[in-house]
Amino acid sequence: MPVSDTTAAPLIALDAIADAGFAEVEVTLDGDSESLVMYRDGDDVRGWLNICPHAGRRLDWAPGQFLKSRDGHLVCAAHGASFSLDDGGCVAGPCKGDRLRAVPLQVRDGQVWLG
């Protein structure tokens, strides 16, 4: 996915995301404002558009509040689809076999950037 203006400013400080936790930020991708869900795994952060491929709804149950299953998957609050935090693939639910749209991120100097 092409990303616009990756050098403007960091999205969030790495320390603002709990390890094994989520954060949500608004980003501009290809000129459009998008909600982005980020997952922190140590010093690595993965990101996806905050849109469930099943029905096009946001994944969070309240702004910036995400559900994580006992199996360690991101769960869509609307219909219960479960997504792998490794690659965004839907592992259970109405969109099994589909995947979240990944957004490339980089961690530099303690900050998370579009990359």
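Coordinates for the structure precede this section.
The present account deals with the structure reproduced in this document.

What counts as what
- Every chain is numbered on its own, with residues counted from 1 as its sequence reads.
- Local features in this predicted model are restricted to residues of pLDDT 70 or higher, and side-chain atom pairs are both shown and tallied only at a pLDDT of 80 or more, whereas totals for entire chains, interfaces and linings draw on every residue.
- Where side-chain values are given, they derive from all heavy atoms of the structure, hydrogens and water being excluded.
- At least two bridges found by DSSP between two strands is the condition for calling them paired.
- Secondary structure counts use DSSP, requiring at least four H or I residues in a row for a helix and at least two E residues in a row for a strand, with both numbered from the N terminus.
- The pairing test for Phe, Tyr and Trp rings, Trp by its six-membered ring, is centres within 6.5 Å, and the orientation test on the planes gives stacked under 30 degrees, edge-to-face over 60, and tilted for anything in between.
- Partly exposed residues are those whose accessible area sits between 20% and 50% of the maximum for their type, while under 20% is buried and over 50% is exposed, using a 1.4 Å probe and protein chains only.
- The term salt bridge refers to a pairing of a side-chain nitrogen on Lys or Arg with a carboxyl oxygen on Asp or Glu at a separation within 4 Å.

The next subject is the sheet that holds strand β4 (residues 44-49). Reading across from one edge, β2-β3-β4-β9 is the order of the 4 strands in this open sheet, with antiparallel pairing throughout. Two strands bound the open sheet, and with one partner strand each, they are β2 (22-29) and β9 (102-103). In terms of strand pairing, β4 meets β9 through 2 bridges, oriented antiparallel. The residue bridging Trp48 from the neighbouring strand is Ala102, located in β9.

What follows concerns the packing of aromatic side chains. Overall, the coordinates contain 2 aromatic pairs when judged by the stated rule. Judged by centre distance (5.6 Å) and plane angle (45°), the rings of Phe22 and Phe66 are tilted. Residue Phe22 is found in strand β2, and its partner Phe66 is found in the loop between β4 and β5 (67-68); the two are separated by 44 residues along the sequence. This pair shows no difference in class: Phe22 is buried, exactly as Phe66 is. Through successive ring pairs, a cluster of aromatic residues spans Phe22, Tyr39 and Phe66.

Our next topic: the pattern of salt bridges. Using the criterion set out here, one finds 5 salt bridges in the structure. Residue Glu24 is joined to Arg58 by a salt bridge in which the shortest nitrogen-to-oxygen separation is 3.6 Å. Placement of Glu24 in strand β2 and of Arg58 in the loop between β4 and β5 is noted, with a sequence separation of 34 residues between them. Given the relative accessible area of 22%, Glu24 is considered partly exposed. Among the residues examined, Arg58 registers a relative accessible area of 36% and is labelled partly exposed. A salt bridge links Asp41 to Arg46; its shortest N-O distance comes to 3.4 Å. On the basis of relative accessibility, which here comes to 16%, the residue Arg46 falls in the buried class. Counted as one network, the salt bridges with shared partners bring together Glu24, Arg58 and Asp60.

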